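Spelled out from the first residue to the last, the chains are:
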Amino acid sequence: MTTQETSGSGTPAGATSIGTLAPERAHSLPGFDPTAPLLEVDDLQVSFPTQDGLVHAVRGVSYTLRSGEVLGIVGESGSGKSVTSLAVMGLLPGSAQIAGSVRYRGQELLGVSDPNMSRVRGKGVSMIFQDPMTSLDPVYRVGRQIEETLRVHDKRLSRRAAEARSVELLELVGIPNAANRVRSYPHEFSGGMRQRVVIAIAMANQPDVIIADEPTTALDVTVQAQILEVLDTALEETGAAMVLITHDLGVVAGVADRVLVMYAGKPVEIGSVEDIYYEPRMPYTLGLLGSLPRLDSTGRERLTPIIGSPPSLVNMPPGCPFAPRCPLHIAECDAAEPPLFDVGRGHSAACIRTEIVEKAHGDATEVFDDTSADTLLVDESRPLEEDVAAVDRDRGPSPEVEGETAPDHAAGETGSIIGPKGSNQ
Ligand SMILES: Nc1ncnc2c1ncn2[C@@H]1O[C@H](COP(=O)(O)OP(=O)(O)OP(=O)(O)O)[C@@H](O)[C@H]1O
């Protein structure tokens, strides 16, 4: 497989306002090259032995991340996004069989001992996980957890300076009354506030790279946008580049420079965020777009679900793994798994029928059947409030929603009702 390079200006994104780097610690592995890309993942392969056989979780992932760049990695559950990132961080279980190469500033990370990886983790590359409670220790005050992170990489930092920096970091991520909140325990914060603390810890040592694995998935939709803004602040303050992992193309739209789409353990499309959203060439990417309500739609487009589920990663048959779900499937698709074909301007797609997808110009209804939106409605000829009224007649309205009216929706339209937990959407 060819390594697909991510684009980027090569200049760090922002100022470093929260302390100074001690580069010799983070960069003390053999092969350090300050001019090398921040992260080069080359033909990464990860398998897990299981009772059912070898699970080929990651089957040849390659990407390059440069300074100041945000790379979105998108794909369905089980497509290998997290395993790819855990391999980069050296956090896979001992049973994992790993091949390929992961270089941070030219230094090979695969096979490096855990003490040596600790020099890179947190300072060279830090990670934000989906559930903040997996990162935070429930029995320590959040301030202490930030201070420890700082002092792991800077033993000369006094306790008082670490305390002051913790308050500064909590302010940066938008925790009100930070000087008092440093003394709070994780359970005293809401989920969104806890994720802000985790972001503060991830940026504490001004890493070169932040890997954020589904950082907003566990949060209320109203909080998700705020956390994306906080991540943006983290990048500005640290000058870090970011790998943003999500199953939601909508999340990467406003944040990423480039997007890597994964399917069944492999990248199936890589391109700029504009190419992926407006000119995708892989039917799977088009299907993902079609199943997502778009803010730039005219309001009349239908959603197009991808029918079926991804293949088992044990004993995969030859051919394109997406073929059984693909509306453009032909016999040749079953012969061999297509490599990433260059379709122009740093854009590549693993499909032998890209010229047909090209003609859709991002409109999934050109290729996929549109079935989903109508299934939400009992009767296409009447607006949604009549359906709600019919349900109310049968069940009786709940006291909380009595007097509220349903939004005016006609057949085929997509609407969202959002609100924080307990708001009776
Ligand atoms: N320790 C393990 N042992 C066996 N199989 C594993 C292990 N860890 C992950 N897998 C398998 O590897 C595949 C990829 O998992 P991964 O967590 O990377 O997917 P993902 O794209 O991040 O999905 P999600 O969004 O649900 O986290 C899955 O089939 C998963 O079951």
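Provided above is the structure to which this section pertains.
Computed from a predicted model, the values in this text were never measured in an experiment. (Residues numbered from 1 in each chain as written. Predicted model: local features only at pLDDT ≥ 70, side-chain atom pairs only at ≥ 80, totals over all residues. Heavy atoms only, no water.)

Trainee: Pulling in residues and values, what's your account of the pairing of strand β9 (residues 258–263)?
Mentor: Judged by how many residues are buried, β9 sits mostly within the fold: six of six residues are covered. On β9, burial covers both faces: R258, L260 and M262 on one face and V259, V261 and Y263 on the other are all buried. Here four bridges tie strand β3 (residues 70–74) to β9, and the two strands are oriented parallel to one another. Note that in β9 the partner of I73 across the bridge is L260. Pairing geometry for β9 and strand β10 (residues 266–272), over six bridges, is antiparallel. Counterpart to Y263 in the pairing with β10 is K266. Two successive antiparallel strands, β9 and β10, enclose a turn made up of two residues, where A264 displays a positive phi of approximately 50°. (Buried < 20%, exposed > 50% of the residue type's maximum accessible area, 1.4 Å probe, protein only. Helix = DSSP H or I, 4+ residues; strand = E, 2+ residues; numbered from the N terminus. Pairing = 2+ DSSP bridges.)

Trainee: Please set out the nonpolar core residue by residue, giving values where relevant.
Mentor: A general feature of soluble globular proteins is that nonpolar side chains tend to end up buried together. Ranked by size, the top nonpolar core spans 106 residues in total, and within it V46, Y63, L170, I199, I211, Y284 and F322 carry the most contacts. Each of two domains, domain 1 (23–261) and domain 2 (279–308 + 318–373), supplies a minimum of three residues to this core. Every residue in contact with Y284, bar those within four places of it in the chain, is listed here: G75, E76, V261, M262, Y263, V268, I306 and F322. (Core = buried A, V, L, I, M, F, W, Y, C linked by side-chain atoms within 4.5 Å. Domains from an automatic or database assignment. Contact = heavy atoms within 4.5 Å.)

Trainee: I'd like a rundown of the packing of aromatic side chains, residues and numbers included.
Mentor: Under the counting rule described, the total for this entry stands at three aromatic pairs. Here Y263 and F322 contribute two aromatic rings whose centre-to-centre distance is 5.3 Å and whose plane-to-plane angle is 85°, an arrangement assigned as edge-to-face. Of this pair, Y263 sits in strand β9 while F322 sits in the loop between α12 (283–290) and β11 (341–344); the two residues are 59 residues apart in sequence, bridging distant segments of the chain. Of the residues examined, Y263 reaches a relative accessible area of 2% and is grouped as buried. Within the aromatic cluster, the residues linked to one another by ring pairs are Y263, Y284 and F322. Stacked on the ring of F189, the Lys or Arg R181 has its end atom at 4.2 Å from the ring centre. (Phe/Tyr/Trp six-rings, centres within 6.5 Å; stacked < 30°, edge-to-face > 60°. Lys NZ or Arg CZ within 6 Å of the ring centre and 35° of its normal.)

Trainee: Explain the sheet that holds β3 to me, using residue names and the numbers behind them.
Mentor: Whenever strands of a sheet pair, they do so through backbone hydrogen bonds, lying parallel or antiparallel. Taken in spatial order, the eight strands of this open sheet run β6-β7-β8-β3-β9-β10-β12-β11, and their pairing is mixed. Only two strands of the sheet have a single neighbouring strand rather than two, namely β6 (125–128) and β11. The average angle at which neighbouring strand axes cross in this sheet is 20°, direction not considered. Here β3 runs beside strand β8 (residues 241–246); their pairing, made up of five bridges, is parallel. Of the residues in β8, the one forming a bridge with V70 is M242. The sheet strands contacting helix α9 (residues 221–238) are β3, β6, β7 (209–213) and β8, and the helix crosses β8 at an angle near 160°. Seen against the sheet, α12 touches β3, β9 and β10 and runs at an angle of roughly 105° to β9. (Axes fitted to C-alpha atoms, helices over the stretch in contact; angles between N-to-C directions.)

Trainee: Give a detailed account of the environment of S79, specifying residues and quantitative values.
Mentor: Among the secondary structure elements, S79 is positioned in the loop between β3 and α2 (81–89). Residues S79 and A264 lie 185 residues apart in sequence; the distance between their C-alpha atoms is 4.7 Å. There is a polar contact of 2.7 Å between the side chain of S79 and the backbone oxygen of E76. (Polar contact = N/O pair within 3.5 Å; in protein donor to acceptor, adjacent residues only side chain to side chain.)

Trainee: Pulling in residues and values, what's your account of empty space enclosed by the protein?
Mentor: Per the stated rule, a full pass over the model turns up one cavity of 30 Å³ or more. Around the largest cavity, the lining is made up of 13 residues, and of these P283, C320, C326, C333 and C351 lie nearest the centre. Partitioning the lining of the largest cavity into residue classes produces twelve nonpolar, no polar and one charged. (1 Å grid on protein atoms, 1.4 Å probe; cavity = no way out; pocket = protein on both sides within 12 Å on 5 of 7 lines; lining within 4 Å. Points joined across faces, edges and corners; volume = space filled by probe spheres on them. Nonpolar A, V, L, I, M, F, W, Y, C, P; charged D, E, K, R; others polar.)

Trainee: Hey, could you go over the site of the ligand for me, with residue numbers and the actual values?
Mentor: Taken together, 14 residues surround the ligand, and among them S77, G78, K81, S82 and V83 come closest. Between the ligand and the protein, one listed contact pairs an oxygen atom with a backbone N or O atom of V83 at 2.8 Å. Coverage of the ligand by the protein amounts to 63% of the 640 Å² it exposes when considered alone. Elements represented by at least two residues in the shell around the ligand include exactly β1 (39–50) and α2. Top element by residues in the shell around the ligand is α2. It accounts for three residues. (Near = heavy atom within 4 Å. Areas by Shrake-Rupley, 256 points an atom, 1.4 Å probe, with all protein chains shown as cover.)

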